[in-house]
Amino acid sequence: MKKQVIDLRSDTVTRPSRGMLDAMFAAKVGDDVFGDDPTVIALETKAAVLFGMEAALFCPSGTMTNQIAVKVHTRPGDEVICDAGAHVYTYEGGGIAFNSGASVRVIQGDRGRITMEQVASCVNPTDIHFPLSRLVVAENTSNRGGGSYYDQQELERISLFCREHSLRFHLDGARFFNAMIATGNDPLQTGKLFDSISICLSKGLGAPVGSVLLGTGEFIHQARRVRKVLGGAMRQAGYLAAAGIFALDHHINRLEEDHDRAKRIGRLLEACPFVTQVVPIETNILVFTLSGMMPDVEFLNYLKEEGILALGFGPQTIRMVTHLDITEPMVGRLAEVLKNCQM
Ligand SMILES: *Cc1c(COP(=O)(O)O)cnc(C)c1O
């Protein structure tokens, strides 16, 4: 029998469960570009209510929700402030320049987390030489930061600073629910702090496709226009939205299991003689470094031969992500494979 693949490359690799597929098949749909897909409307309403925001927009990806937010908040030549490893800057193909013609000021945050003081030090004086500082982006949890989450008080401080200095504040909450489960914070508290929020349904929540952008009614009205320009307005999208509703209803609380498994895998890695450092595990992302005696390519190949997939995340650095298709026996199998790994 062929070995079952244990795919730890990302929490995006999950397949829809039976229950999710049933919900998708049963969805009532319409043409969402005409605004008459009831399931898309239900998802948007549900997400808006959850965060206490006025309105929401269903989009094909988190890249699109982030890029739409940047486009609506800025004018060409404006400046966006974010961490140097932020997804919106590092992993979206230069989209800030391509779509919005904006420049970016990067901060060296602590594992992806920026502080109010760092933001303050990046705001340009109102002098015609400088780009107009316009938008601050926070990412929670931080992907490059290894799943680190913010202290809510810091977000409150940045939010207050932004309001006082006429800066917009956007949350890249691709893995917001991982942060929520780890901290116990209420999404309504988060909704109050940001001008816009992006959440991904296709990461830890396990939907096949989709992200939701949240903001004021006026912001979402403009966002809908930009989504159309980008080619992201979909027709009978209710089939996808149904998966999103199912994910919000059934897959938030179980993220705890992913965090628990990530911590246990972290302990297994710490016990490996060839692992030099495991970045402290806060949620479902593990980042660790290998000693010189274990070249990263060889380690990834060794795992692959054993049916385990992980991701190179920089020189001698590996990322693993737990998710809802990673089971207890898989963790056991990984433990065995790591124990037998000698080079
Ligand atoms: C995955 C991710 C996104 C969006 O990714 P898509 O693959 O476009 O849905 C945005 N921000 C962060 C932090 C992410 O991890």
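Scroll up to find the structure.
For clarity, every value in this text was computed on a predicted model and none was experimentally measured.

J.: Quick one: what's the story with the pattern of salt bridges, residue by residue and with numbers?
T.: One pass over the full model with this rule turns up 21 salt bridges. What you see here is one network of salt bridges that share partners, running through Glu257, Asp260, Arg261, Arg264 and Glu328.

J.: Run through the sheet that holds strand S9 (residues 275-278), naming residues and quoting values.
T.: As summarised here, the arrangement of the four strands in space is S9-S10-S13-S12, forming an open sheet in which the pairing is antiparallel. Looking at which strands have only one partner, the edges of the open sheet turn out to be S9 and strand S12 (311-312). Across two bridges, S12 lies against strand S13 (residues 317-321) in antiparallel orientation. From the neighbouring strand, Gly312 faces S13, where its bridge partner is Ile318. Contacting S9, strand S10 (285-290) and S13, helix H12 (residues 255-270) runs over the sheet at an angle of about 10° to S10.

J.: Please provide a residue-by-residue account of the site of the ligand, values included.
T.: Close to the ligand lie Ser61, Gly62, Thr63, Asn66, His87, Glu92, Glu139, Asp172, Ala174, Arg175 and Lys203, which account for all nearby residues. A distance of 2.8 Å separates an oxygen atom of the ligand from a polar backbone atom of Gly62. With respect to the ligand, the side chain of Thr63 contributes an N or O atom lying 2.5 Å from an oxygen atom. Bound to the protein, the ligand loses 84% of the 380 Å² it would expose on its own. Ranked by residues supplied to the shell around the ligand, first place goes to helix H3 (residues 62-73) with three residues. Here the residues of the shell around the ligand sort into one nonpolar, five polar and five charged.

J.: Explain the sheet that holds strand S8 (residues 211-215) to me, using residue names and the numbers behind them.
T.: Strand order across the open sheet formed by seven strands is S2-S8-S7-S6-S5-S3-S4, with mixed pairing between neighbours. Strands at the two margins of the open sheet, each flanked by one partner only, are strand S2 (55-59) and strand S4 (103-107). Strand-to-strand twist across the sheet, computed as the mean angle between neighbouring axes with direction ignored, equals 20°. In this structure, S2 lies alongside S8, joined through five bridges in antiparallel fashion. Paired with Leu57 across the bridge in S8 is Leu213.

Calculation rules
- Residues numbered from 1 in each chain as written.
- Predicted model: local features only at pLDDT ≥ 70, side-chain atom pairs only at ≥ 80, totals over all residues.
- Heavy atoms only, no water.
- Salt bridge = Lys/Arg side-chain N within 4 Å of Asp/Glu carboxyl O.
- Pairing = 2+ DSSP bridges.
- Helix = DSSP H or I, 4+ residues; strand = E, 2+ residues; numbered from the N terminus.
- Contact = heavy atoms within 4.5 Å.
- Axes fitted to C-alpha atoms, helices over the stretch in contact; angles between N-to-C directions.
- Near = heavy atom within 4 Å.
- Polar contact = N/O pair within 3.5 Å; in protein donor to acceptor, adjacent residues only side chain to side chain.
- Areas by Shrake-Rupley, 256 points an atom, 1.4 Å probe, with all protein chains shown as cover.
- Nonpolar A, V, L, I, M, F, W, Y, C, P; charged D, E, K, R; others polar.

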